[in-house]
Amino acid sequence: MRLLHTSDWHLGRAFHRVNMLGAQTGFIGHLVATAREREVDAVVVSGDVYDRAVPPLAAVELFDDALHRLADLGVPTVMISGNHDSARRLGVGAALIGRAGVHLRTDPAAAGTPVILRDGFGDVAFYGLPYLEPALVKDEFGVEKAGHEAVLAAAMDRVRADLAERPRGTRSVVLAHAFVTGGRPSESERDITVGGVASVPAGVFDGVDYVALGHLHGCQTLTERVRYSGSPLPYSFSEADHRKTMWLVDLDADGRVAAERIDCPVPRELARLRGTLEDLLAEPGLDRYEEAWVEATLTDAVRPADPMARLTERFPHTLSLVFAPERALDDPDVSYARRLAGRTDQEIAEDFVAHVRGAGPDTREQDVLRDAFDAVRAEGTVREVPR
């Protein structure tokens, strides 16, 4: 069986001030064309279909168009909700849409109920594990402490139990939206840390033939059977070195995996440039970036006059301007943003306590802060507040 594995479309998202709807439309056309030309048997979409719980109308219309085009091809599609999606909204009409061959899996309780597709060698069971917010699903899965590993392990126990009851030789594919240990994050994924832990070990998924992951935006192989497709388009300059692709995966009669990367259309190259303003304007080696989307980090000791206007004369698609004078981090003039770069909300809060009180939080207070951050995120998920 031939699968096309993709994820993290983030329909409705912009790249800085650039509307990405045209590029997203181009990707959907590329996806449909690839499914047709490469004779794909099933498309799997591993979450974050939308960028927000309440997406803009144009994004919903593009999603509707994608479903119709895939259904018209007669290619079954299996799709799960991610941490950016509203599972309840995405799942509306799932049973009805499923009759057209588009299978939406947004209910955690159905983790052990597969979509069964057949090829010349027999059945392939597709299990959809939507994003599992630990605080909200721990009771469903009967785990005592809310954590990513615990709820995913419980969901996978249901998968393995169902698979054990199926005819011998049934192959299996799991779709999951999670941060798996060994994956490389970028700056464009929303933090899903719970209790100080964001990632789960790949061993949680043992026992199935292929795991189609979503959440991280870089295409990557954790094992031959566990892969991220990554996002089809860039959503931050931290993805400047990404090669945006989908996985074309062949499952043979015994469940062995052969995978090929299929490149996605590139709307415009990304470039991260660093140096003084005069150097960036004069350096001949930067000619190749004059049509790229540019993030320019200026290292001038004193902020130059009209830097954006001058940069856009040479690099008309400059989208981000960062000032980072070459100073030590303990210099009082170092920006607040630079001092916070790479730090978690928990670390920032603990530093604030230390600054105000003169001593950092003890272990009990650290737990209180951690529980507070977890509760706020869970509440936001329940209320489906667009962020």
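What you see is a predicted model; the values in this text were computed from it and never measured. The numbers attached to residues start from 1 for each chain and follow its sequence in the written order. Two thresholds apply to this predicted model, a pLDDT of at least 70 for residue-level local features and 80 or more for giving and counting side-chain atom pairs, whereas whole-chain, interface and lining totals are computed over all residues. Remark: hydrogens and water are excluded; side-chain values derive from all non-hydrogen atoms of the structure.

Q: Is there a simple way to explain the overall build of the protein chain in this structure?
A: The number of helices and strands found in the protein chain is eleven helices and 19 strands. In terms of overall dimensions, the protein chain is globule-like: its C-alpha atoms have a radius of gyration of 23 Å, near the 21 Å expected for 387 residues. Overall, the C-alpha framework of the protein chain stretches about 70 × 55 × 35 Å when taken along its three principal axes. The burial tally for the protein chain puts 49% of its 387 residues in the buried class. Across the protein chain, the fraction of contacts at a sequence separation of at least 24, relative to all contacts at a separation of at least 6, is 68%. Put simply, DSSP H or I for four residues or longer makes a helix, DSSP E for two residues or longer makes a strand, and each gets a number counted from the N terminus. To get the radius of gyration, use the C-alpha atoms; to get the globule rule, take the number of residues to the power 0.38 and multiply by 2.2 Å. With a 1.4 Å probe rolled over the protein chains alone, any residue whose accessible area is under 20% of its type maximum counts as buried; one over 50% counts as exposed, and the rest are partly exposed. Should any heavy atoms of two residues lie within 4.5 Å, those residues are considered in contact.

Q: Before we go on, may I ask you to explain helix α1 (residues 21-37) in this structure?
A: Each full turn of the α-helix corresponds to 3.6 residues, which orients residues three or four apart in the same direction. Taking 1.5 Å per residue, 17 residues should reach 24 Å; α1 reaches 24 Å between its end C-alpha atoms and fits that length. Listing the buried residues of α1 in full gives Q24, F27, I28, G29, H30, L31, V32, A33, T34 and A35. On its buried face, α1 is in contact with β1 (2-6), β4 (42-46), α2 (57-73), β15 (245-251) and β16 (257-263). Each helix should span, by expectation, one fewer than its residue count multiplied by 1.5 Å.

Q: Quick question: what am I supposed to make of the packing of α1 against α2 here?
A: The angle between the axes and the distance between the axes are what describe a pair of packed helices. Each axis is a line fitted through C-alpha atoms, taken for helices only over the stretch in contact, and angles between the N-to-C directions span 0 to 180 degrees. At a minimum axis distance of 10 Å, the contact between α1 and α2 shows a crossing angle of 10°. Judged on the interaxial angle alone, α2 and α1 are roughly parallel. Along its contact with α1, which presents L21, Q24, T25, I28, G29, V32, A35 and R36, the element α2 presents A58, L62, A66, R69, L70 and L73. When residue character is reported, Ala, Val, Leu, Ile, Met, Phe, Trp, Tyr, Cys and Pro are called nonpolar, Asp, Glu, Lys and Arg charged, and the others, Gly included, polar. Residues belonging to the contact of α1 with α2 are distributed by class as follows: nine nonpolar, three polar and two charged. Throughout, the term roughly parallel applies to angles under 35 degrees, roughly antiparallel to angles over 145, roughly perpendicular to angles from 65 to 115, and oblique to all others.

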